[in-house]
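# A closer look at the structure
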Protein chains: 2
Amino acid sequence: MYKLSSIKEFRELMRFLPEPDVETEILAQYRQEQLTKPPGSLGRLESLAIWLSAWQVRERPRLDKVQTLVFAGNHGITAQNISAYPADVTAQMVENFEHGGAAINQLCKLAGADLDVIALELDRPTRDFTSAAAMDEAEFLAGLNAGLTAVDTTADCLIVGEMGIGNTTVAAALCYGLFGGEAEDWIGRGTGVDDDGLKRKAEVLKRAREFHLKTLDCPLEVLRCLGGRELAAIAGAVLAARQARIPVILDGFISTAAVCPLEVLTPGALDHCVAGHRSSEPGHDRVLKRINKNPLLDLNMHLGEGSGAAVAALVLKAAIAAHNGMATFAEAGVSGKA
Amino acid sequence: MYKLSSIKEFRELMRFLPEPDVETEILAQYRQEQLTKPPGSLGRLESLAIWLSAWQVRERPRLDKVQTLVFAGNHGITAQNISAYPADVTAQMVENFEHGGAAINQLCKLAGADLDVIALELDRPTRDFTSAAAMDEAEFLAGLNAGLTAVDTTADCLIVGEMGIGNTTVAAALCYGLFGGEAEDWIGRGTGVDDDGLKRKAEVLKRAREFHLKTLDCPLEVLRCLGGRELAAIAGAVLAARQARIPVILDGFISTAAVCPLEVLTPGALDHCVAGHRSSEPGHDRVLKRINKNPLLDLNMHLGEGSGAAVAALVLKAAIAAHNGMATFAEAGVSGKA
């Protein structure tokens, strides 16, 4: 997708969101009713197939071309000692992605997904948001554009993932800014901080919220001030996918938090997104409830990288396999209900 | 596996159950700790990979050869009008499996699994268990043997599924016989009975339990008197898999109920089994809790045929892909915890 020249343009795009195709949805629903199984017996596999049909505008949807985008960023907030790993690990993991050694590489291979890893100025961390906006407007726009322009608009499905030491704290700050509640509700152990680390995280969140109090009623400002480059890129990519009617699989806490500003700004903006899984990072369940998403998987994963979404892509493939390949009652000569 | 000549031989086999290999388990656990991710961050994918390793006695397990066994049977209890579909549908669906038109065909293809469908004397339904034992000893033994001999002992993993009009009522009667509680706790809508159908199911369960009260303290007798041919075959197949140390993915309510007699007879007999999913048939959740199994998926499926287990096989594949393919911290030059 094209590059935006201002955040105002992003807001404009948010006002014209393509909707799923109702006619195709009805055709796909009708097809489901004819297949050789009791109605509803494939549960979410049925609704997922219909949902994919409607967004792809294909009675028989496909997942031949799945794009996984992993955005990486570094965060000034790591100065507050809120991660179990040093910030260098972000760049080291990007290298690991490029050499094919990370979890997301194996899971993408299994799901037949293409993996694009986009490192966002790793040597220029965002500012520590307890005392400044994480990004200025130009940096924020660059982050959004990194996502908007990375989406392959010919893909059948998009997976969004991230890597960034410290970014569970960023996601927590974003959610606390956007949704309020108690700071403690939004934090968890991330990659493995101890009890003191948890306390520091809560403290950081409170100071950050206090500092940015005036911006909290503007969702995109919350993303700019309390977010990070990779989170901005995810928001941009998810908007680009919507513009191209590409269904999206969200990953864990960070990728879900990153797109919440879109939903708060324009309710329904995430209708083309499914939650791939529920992470064991406690804020994730809370934020999924805020945006009314029921995750496909619940496997205690909390890695990021798009890993949970990549496993969820296999469930979408199962949905499509049944929807496209099964015989109808008439074709198979099977009797309907007595 | 070989054919048994008596039910006593089955009991003998149950006394000598191979255990997972502890040494391989330790090696697999060690490997998980070296991989480029925070410890535990792949959640159940980690424990699944280690579990597969220990049973397969391979530090790097594989799922190249997955066997799906679908057993089909007919049930005298359908005379009590407890199913939404006529009994003819069992044979029609077997034909559908053979022509590749059912859900399980598509899901096996996706998972790279071989599908073997075994119809068990469909023209000779079991007896109506409200007034007789479902099977005599010879019929029960034949059912167990059908399962025991069907298992490919060179497979990396076994999926067990079933087809049989009326068999959610059979599974409910089996669970009510084995575990007690209220009859109403074990019943659900199956393929779609109405409220009157639900009442008839509960009534049938009460009469069946009353009639077979004397046999309820003997788990295999419960399976013979309140089960069905396809349920006996599943129990036989799962025992054969245990003897060959093949990990098993259980499907829904019926396949889970079928193997409960093994666990009640010998606690730990199902340690080589994982619950593929939680069916929306209400008895399934209840019975999973009885045998202490936490299902991998929860997608509101309730089709049977092995369909939920086949989707779960994809999750096991994801576990193995990460376990076998990821780089270690040393290989990737990534720093460990700070």
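Look above for the structure.
In this report, the structure presented in the accompanying data block is examined.

About the cut-offs
Residues numbered from 1 in each chain as written. Chains lettered and ligands numbered in written order. Predicted model: local features only at pLDDT ≥ 70, side-chain atom pairs only at ≥ 80, totals over all residues. Heavy atoms only, no water. Helix = DSSP H or I, 4+ residues; strand = E, 2+ residues; numbered from the N terminus. Rg over C-alpha atoms; globule rule 2.2 N^0.38 Å. Buried < 20%, exposed > 50% of the residue type's maximum accessible area, 1.4 Å probe, protein only. Contact = heavy atoms within 4.5 Å. Areas by Shrake-Rupley, 256 points an atom, 1.4 Å probe, with all protein chains shown as cover. Least-squares fit on C-alpha atoms with pLDDT ≥ 70 in both. Salt bridge = Lys/Arg side-chain N within 4 Å of Asp/Glu carboxyl O. Phe/Tyr/Trp six-rings, centres within 6.5 Å; stacked < 30°, edge-to-face > 60°. Lys NZ or Arg CZ within 6 Å of the ring centre and 35° of its normal. Axes fitted to C-alpha atoms, helices over the stretch in contact; angles between N-to-C directions. Parallel < 35°, antiparallel > 145°, perpendicular 65-115°, else oblique. Nonpolar A, V, L, I, M, F, W, Y, C, P; charged D, E, K, R; others polar. Buried area = accessible area lost by both parts, 1.4 Å probe. Polar contact = N/O pair within 3.5 Å; in protein donor to acceptor, adjacent residues only side chain to side chain. Pairing = 2+ DSSP bridges.

### Re the overall build of chain A
Looking only at helices and strands, chain A features 15 helices and 5 strands. For chain A, whose C-alpha radius of gyration is 20 Å, the value lies close to the compact-globule estimate of 20 Å for 338 residues. On the principal axes, the C-alpha backbone points of chain A span a range of 70 × 40 × 40 Å. For chain A, with 338 residues in total, the buried portion stands at 64%. A separation of at least 24 residues holds for 79% of the contacts in chain A among residues at least 6 apart in sequence. Roughly 11700 Å² of accessible area belongs to chain A as shown, and the carbon and sulfur atoms make up 48% of that amount.

### Quick look at the relation of the copies chain B and chain A
Note on the identical chains: chain B maps onto chain A by a rotation of 180 degrees and an axial translation of 0.0 Å, with an RMSD of 0.0 Å. The superposition operator between the copies reduces to a two-fold rotation axis. Taken together, the interface assignments show that 100% of the residues at the interface of chain B recur at the interface of chain A, consistent with an identical surface on both copies.

### Things to note about the pattern of salt bridges
According to the stated counting rule, one finds 34 salt bridges over all chains in the structure shown. Between A:Glu121 and A:Arg124 there is a salt bridge, with the nearest N and O atoms lying 2.7 Å from each other. Residue A:Glu121 is classed as partly exposed on the basis of its relative accessible area of 35%. We note a salt bridge from B:Asp285 to B:Arg278, for which the minimum N-O separation is 2.6 Å. Given the relative accessible area of 24%, B:Arg278 is considered partly exposed. One network of salt bridges, with partners in common, ties together A:Glu121, A:Arg124, A:Arg127, A:Asp136 and A:Glu139.

### Side note on the side chain of A:Ser53
Following the sequence through the fold, A:Ser53 ends up in helix 3 (residues 44-56). Not counting residues up to four positions away in its chain, the partners in contact with A:Ser53 are A:Thr24, A:Ala28, A:Arg58, A:Glu59, A:Pro61 and A:His323.

### So, the packing of aromatic side chains
The full count for this structure, using the stated rule, is 2 aromatic pairs over all chains. A cation over an aromatic ring shows up here: B:Arg209 above the ring of B:Tyr176, its NZ or CZ 4.9 Å from the ring centre.

### As for the packing of helix 5 (residues 103-111) of chain A against helix 14 (residues 307-325) of chain A
All names here are of chain A. It is the contact of helix 5 with helix 14, at a shortest axis distance of 9 Å, that shows an interaxial angle of 10 degrees. Looking at the two axes, helix 5 sits roughly parallel to helix 14. Across from Ile104, Leu107, Leu110 and Ala111 in helix 5, the residues of helix 14 making contact are Ser307, Ala310, Val311, Ala313, Leu314 and Lys317. For the contact of helix 5 with helix 14, a count of residues per class yields 8 nonpolar, 1 polar and 1 charged.

### A few points about the interface of chain B and chain A
Counting from both sides, the interface comprises 51 residues of chain B and, opposite them, 51 residues of chain A. Note on chain B versus chain A: buried area summed over both sides is about 4100 Å², and carbon and sulfur give 68% of it. For the pair chain B and chain A, the interface holds 14 residue pairs in polar contact (both at pLDDT 80 or more). The set of elements that each furnish at least two residues to the side of chain B that touches chain A consists of helix 3 (44-56), helix 4 (88-98), helix 5 (103-111), helix 14 (307-325) and helix 15 (329-332) of chain B. At 9 residues, helix 14 of chain B tops the list of elements feeding residues into the side of chain B that touches chain A. Taken together, the residues of the side of chain B that touches chain A break down into 30 nonpolar, 17 polar and 4 charged.

### Quick notes on the environment of B:Asp128
Residue and element names in this part refer to chain B. Here aspartate 128 is to be found in the loop between strand 2 (113-119) and helix 6 (137-150). Along the backbone, aspartate 128 and alanine 150 are 22 residues apart, and their C-alpha atoms lie at a distance of 27 Å. Side chain to side chain, aspartate 128 and glutamine 80 meet in a polar contact 2.6 Å long.

### Looking at the sheet that holds strand 5 (residues 273-275) of chain A
Residue and element names in this part refer to chain A. Sheet architecture is open: 5 strands sit in the order 2-1-3-4-5, paired in parallel fashion. Of all the strands in the sheet, the pair left with one neighbour each is strand 2 (113-119) and strand 5. Pairs of neighbouring strands in the sheet enclose a mean axial angle of 25 degrees, with direction left out of account.

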